[in-house]
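One-letter residues, chain by chain:
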Amino acid sequence: MDYRRIKRVLFVNVFMNFVFISLQKKEEVLLDMVASGAELGWLTSPVKDGWEIGQQAVNGSLLYNYYVCNVEKGEQDNWLRTTFIQRNPAASRVFVELQFNVRDCNTFEAVPLNCKETFNLYTSEADADIGTAFRKGLFRKVATIAPDEISDRGKMKMNTETKVVDNLSRKGFYLGFQDIGACVAIYSVRVYYKTCPATVQSLAAFPETVAGGENQALREVAGSCVKNAISEGQPRIYCTTDGEWVVPMSQCQCESGFEALEDTCQECQPGFFKPSVSSEACKPCPKNTEPSGPGATRCSCNDGFYRAPEDPETSACFGLPSAPQSLLSSTAQMSFGRLQLSWKPPADNGGRSDITYSVVCERCEGKTCQSCGEKVRFEPSNTELKETKVTVSELEPHLNYTFSVEARSGVSQFSHKRAVSSINTTLHYTDPPKVTAMHLVESSPTSLSLQWSVSHRAKPVATRYELMFRKKENDEEKASGTVTTFTVLVLEKNSAQIKDLSPSTVYLFKVQALSSEGSPGSYSIEQEFSTLPPAGNTAVILGAAIGGAVMLFIVVVVLLLRKRRRNSHTRQGPEDTYFSSPDQLKPLKTYVDPHTYEDPNTAVLKFASEIHPNHITKQKVIGAGEFGEVYRGILKAPSRKEVAVAIKTLKPGYTEKQRQDFLSEASIMGQFSHQNIIRLEGVVTKFKHAMIVTEYMENGALDKYLKDHDGEMSSFQLVGMLRGIAAGMKYLSDMSYVHRDLAARNILVNSNLECKVSDFGLSRVLEDDPEGTYTTSGGKIPIRWTAPEAIAYRKFTSASDVWSFGIVMWEVMAFGERPYWDMSNHEVMKAINEAFRLPAPMDCPSAVYQLMLQCWQQDRSKRPRFGDIVSLLDKLLKSPDSLKPIADFDPRVSIRLPSTSGSDGSPFRSVSEWLESIKMSQYSENFSMAGVVSMEQVLQMKSEDIRNIGVRLPGHLKRIAYSILGLKDQTSTLSVFAV
Ligand code: AMP
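No experiment lies behind these values; they were computed from the predicted model shown.

As a further point, take the overall build of the protein. When its secondary structure is counted, the protein shows 21 helices and 49 strands. Out of the 979 residues belonging to the protein, those deemed buried represent 47%. Considering only contacts within the protein whose residues lie at least 6 apart along the sequence, 65% involve residues at least 24 apart. Roughly 48,400 Å² of accessible area belongs to the protein as shown, and the carbon and sulfur atoms make up 51% of that amount.

Printed below as a string of structure tokens:
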């Protein structure tokens, strides 16, 4: 490396905060004429009449010198040669410092012709001392020595001159001084070489180094870290020809427990610590730690104080939190089987802010307590709670529950001590009574007054009743597939007057009592009552009477026919009763509410076949149902092929009511037989562990499947899936079955991507749906899937199922996105009321979005029927071009939540936070590898940039591009929600 290059490196290094330092240099003397005194022994040639040795007093001390002054004697060639000077093998360059004077030729009286005022310096290298053998020819000239000031006769002017003798390579050398006719005296000859002295720079020690010569102007020297310091690379420095150190490069840092003090690493003082190799100083031990000894790398926690695993060693130690305070349980505003626990944060949080709570439920009788088991539910959860309250549900009445709330922090795991507060509580409520007889009190052409009684042996405790009625379809209506819908009234007393009815019409009524806590009892049997004919029209009355008789006849015939059909049910197989195409016959079968059976067990036996548990093999848990685990397994019935099945189990410890509710799903499912309805294989009811066995759907729930395959399916495939769901729903609505909880999470997908409707409940409808929200009337409703009239007055009909289907369409086209994102239920209801509707998902075919909007008509009679929906979807699938026009998609709206800003509305802090919000985290690495690390860079990206960093799937590409578009324009509003 040459010096110029080093200078360039130096410039760069200075720029990079390296330091160029000049350090004290050192000279190693090889020969010193003055110090040698009389012992010089230098050779002169010629021996006489040339250089001579003399003595002179200078400043009071006697100095030897060599002089010659043959200026008046013609041409001269006088040599003075030093003794052999041994060279340090490392020193190729030596310095010769001369002190001399030369007399001015003009000071002679007659100026001599050959008078000179300079002399010459020569050198001759040799590997050994050659003694007195002197040959001029062996010398090479180094320099002509000229005085800066020449001396007058009486006034001596001393000159000092230093010359460099470079490129020495042999073991030693001589110096020769040639006089060619001057009057000159040499008083001092000092020969030396330079070294860079041993030094310590930035905790790296470098040895003394002989400075290089012309052939190696900069010597790179390796050093080593001082004691107790380490470095990744070897420290380096350069030694210049001038004996200066330049450009030290050291990354030496003191080891843990040591800090730099000048050029050394010293142990941390007691009470201080340093946890890692670094250039930092030792720090005082943090709070709640024991005082450390010298050289500490950490400070241990005091007894009773801890650090969480994620806390750095430098952090303080923390105490355990104290127990939660003021634990209370309340059933106010709570429905059936629920209570709320609330408490205050601990008085002492141990210095930490990561306090969470966990709640344990135990059932205690006397002194023995046992866990409440998994049945009891906690909302939002029973562990890791951040809030100071939790709602507990599925509690049984009259049992003594003990709830213990523990405050925990990141350090609780290190101690056995628990910070727990407990409370005992018992829920008291009464089972609602059963409604026995309902009778007509009064009738008119447009109203009916009914009254009923309850079979409660004790006091009448029911405070409310739920009365359900619907118009009884006549045969014509049945044939045309008209859907009759139930109207539900919640009443405070055991009678009701129902107005605005049609004259001469038969209505079907059933009623159930609700306990004071809102828990429903079972329905009464369905009873028929008719309104009177229009008043004052005897002809009509007569006609009505005849009509009534005819109707009665028809009803009897229909009932008889139905009975015959039911009797033949086992022989025929369920498929035989359903003719969907091509003759467009309506199914003759109607769904039978298992509640109409006095004993629900009879219903199960009627609609489901019994399987022997020996024929079932459970393989793996695949889900958790309301009543117990769901397994994948194998069913091998005698003389039938093995089939893969899903097995729903009933948890041990169930009550008879729970068992009946559990099996009611089978009673309902068993009545259906359609390719898009989950098929019931059978039930186990005669053994202790009841089970429901259905066909196995390899791809599980639709919502999860879509989320897992986001952007991977074409619109055609998605519409195909929707077509299947619509066909299943058409079948259900044709059977007058209202699902009430249609949502993507309740659709199952098999390996052929066929979708089947599942989750058929009864009294438990929606109870097991985590989306279910309690309404003031005590029911539970999944608000964002439910039609407004069903929310407002429980008007659940096939038309409300159509609304839910519209939401499922949206879920499917948006790959499992949550409808209305993170708007609250309240906000959703308000928006719907104000005629806002969900905007089209990205890439949604226009025709599909139009259909969604139709399903969300406020007036339910204007919504399409499932039959219409199936036909339309079929049409779209038959001409895939019809799916090409894409609905207007406003990225600002569709990604208003959650992706135009962080969840708290603030701009995204990082690229990964943004990607997570649009569920594209899988591309985090692509962005960072491409150097896109800030949101500013993201905003500059174009479509091709996104593709170039490796986002290939068109759906993902669009999602990311649209999100960027949306980010650029944050001024979005909800306006395009409006229809
Ligand atoms: P459910 O109680 O019906 O909501 O079932 C709980 C979970 O079990 C569902 O979300 C599915 O993941 C799974 N599951 C239920 N039935 C089936 C089935 N027939 N095939 C595959 N998975 C099922």
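This part covers the pattern of salt bridges. In total, this model carries 36 salt bridges according to the counting rule given. The partner of Glu28 in a salt bridge is Lys26, with the nearest N and O atoms 3.4 Å apart. For Lys26, a relative accessible area of 34% corresponds to the partly exposed category. The salt bridge involving Glu280 is made with Lys283; its shortest N-O contact spans 3.4 Å. What makes Glu280 partly exposed here is its relative accessible area of 47%. Residue class for Lys283 comes out partly exposed when judged on its relative accessible area of 41%. Ionic contacts of the salt-bridge type, sharing partners, join the residues Arg640, Arg679, Glu681, Glu695 and Lys756 into one network.

What follows deals with the state of the cysteines. In the structure shown here, the tally under the stated rule is nine disulfides. The disulfide partner of Cys268 is Cys282, and the S-S distance across this bridge is 2.0 Å. An S-S torsion of about -75° defines the bridge between Cys268 and Cys282 as left-handed. Of this pair, Cys268 sits in the loop between β23 (264–267) and β24 (272–273) while Cys282 sits in the loop between β24 and β25 (283–284), placing them 14 residues apart in sequence. By relative accessible area, which is 1% here, Cys268 ends up buried.

To continue, consider the site of the ligand. Around the ligand, 14 residues are found, and the nearest of them are Gly625, Lys648, Thr694, Glu695 and Met697. Contacts to the ligand include Lys648, whose side-chain N or O atom sits 2.5 Å from an oxygen atom. Met697 is positioned with one of its backbone polar atoms (N or O) 2.9 Å from a nitrogen atom of the ligand. In the complex, 83% of the free accessible area of the ligand, which totals 480 Å², lies under the protein chains.

Now for the packing of helix α9 (residues 715–734) against helix α14 (residues 866–878). Orientation of α9 relative to α14, taken along the N-to-C sense of each, is 155°, at an axis distance of 8 Å. Our classification of the angle between α9 and α14 gives roughly antiparallel. Read as a crossing pair, α9 and α14 show a hand that is left-handed. The segment α9 lies against α14, with Phe716, Val719, Gly720, Leu722, Arg723, Ala726, Ala727, Met729, Lys730 and Ser733 engaging Phe866, Gly867, Ile869, Val870, Leu873, Asp874 and Leu877. In the contact of α9 with α14, the residues fall into 11 nonpolar, three polar and three charged.

Once that is clear, we can look at unusual backbone geometry. A cis amide bond links Ser45 with the next residue in sequence, Pro46, at an omega value of -5°. Secondary-structure assignment places Pro46 in the loop between β2 (43–45) and β3 (52–58). Going from Glu379 to Pro380, the amide bond is cis rather than trans, its omega being 5°. Mapping Pro380 onto the fold places it in the loop between β30 (377–379) and β31 (389–393). Residues other than glycine seldom take positive phi values, yet Glu262 does so here, at roughly 50°. Mapped onto the fold, Glu262 is located in the loop between β22 (258–261) and β23. Judged by relative accessible area, Glu262 falls into the exposed class, the value being 78%.

Here the focus is the sheet that holds strand β13 (residues 199–201). Sheet strands pair via backbone hydrogen bonds, and the direction of the pair is either parallel or antiparallel. An order of β13-β14-β17 is seen for the three strands of this open sheet, with the pairing classed as antiparallel. Edge positions in the sheet fall to β13 and β17 (224–225), since each has one partner strand and no second. Direction of pairing for β13 relative to strand β14 (residues 204–206): antiparallel, over a ladder of three bridges. Paired with Thr199 across the two strands is Phe206, which belongs to β14.

The next thing to look at is the environment of Met842. Structurally, the position occupied by Met842 is in the loop between α12 (825–833) and α13 (846–855). The spacing of Met842 and Arg959 is 117 residues in sequence and 7.8 Å in space, taken between C-alpha atoms. With sequence-adjacent residues up to four places away left out, Met842 is seen in contact with Met813, Phe889, Gly955, Lys958, Arg959 and Tyr962.

Moving on, we get to α9. With 20 residues, α9 extends 28 Å from end C-alpha to end C-alpha; this agrees with the ideal 28 Å at 1.5 Å per step. Of all 20 residues in α9, 15 are buried; the element is thus mostly enclosed. Ser736 sits one or two positions beyond α9 and adopts a positive phi of about 60°.

Glancing now at the packing of aromatic side chains. Considering all chains together, one arrives at 27 aromatic pairs under this definition. Relative to Tyr174, the ring of Phe84 has its centre 5.2 Å away and its plane inclined at 55°; by these criteria the two rings are tilted. Of this pair, Phe84 sits in the loop between β5 (78–81) and β6 (85–86) while Tyr174 sits in strand β11 (residues 172–179), and the two are 90 residues apart along the sequence. Overall, the relative accessible area of 1% leaves Tyr174 in the buried class. Taken together, a centroid distance of 5.6 Å and an interplanar angle of 50° make the contact between Phe134 and Phe139 tilted. Members of the aromatic cluster, each reached through a chain of ring pairs, are Tyr591, Phe672, Tyr731, Tyr737 and Phe760. Above the plane of the ring of Phe108 lies Arg103, whose end atom (NZ or CZ) is 4.0 Å from the centre. Residue placement shows Arg745 over the ring face of Trp785; its charged tip is 4.1 Å from the ring centre.

Calculation rules
- Residues numbered from 1 in each chain as written.
- Predicted model: local features only at pLDDT ≥ 70, side-chain atom pairs only at ≥ 80, totals over all residues.
- Heavy atoms only, no water.
- Helix = DSSP H or I, 4+ residues; strand = E, 2+ residues; numbered from the N terminus.
- Buried < 20%, exposed > 50% of the residue type's maximum accessible area, 1.4 Å probe, protein only.
- Contact = heavy atoms within 4.5 Å.
- Areas by Shrake-Rupley, 256 points an atom, 1.4 Å probe, with all protein chains shown as cover.
- Salt bridge = Lys/Arg side-chain N within 4 Å of Asp/Glu carboxyl O.
- Disulfide = S-S within 2.5 Å.
- Near = heavy atom within 4 Å.
- Polar contact = N/O pair within 3.5 Å; in protein donor to acceptor, adjacent residues only side chain to side chain.
- Axes fitted to C-alpha atoms, helices over the stretch in contact; angles between N-to-C directions.
- Parallel < 35°, antiparallel > 145°, perpendicular 65-115°, else oblique.
- Left-handed = near helix turned anticlockwise from the far one by under 90°.
- Nonpolar A, V, L, I, M, F, W, Y, C, P; charged D, E, K, R; others polar.
- Pairing = 2+ DSSP bridges.
- Expected span 1.5 Å × (residues − 1).
- Phe/Tyr/Trp six-rings, centres within 6.5 Å; stacked < 30°, edge-to-face > 60°.
- Lys NZ or Arg CZ within 6 Å of the ring centre and 35° of its normal.

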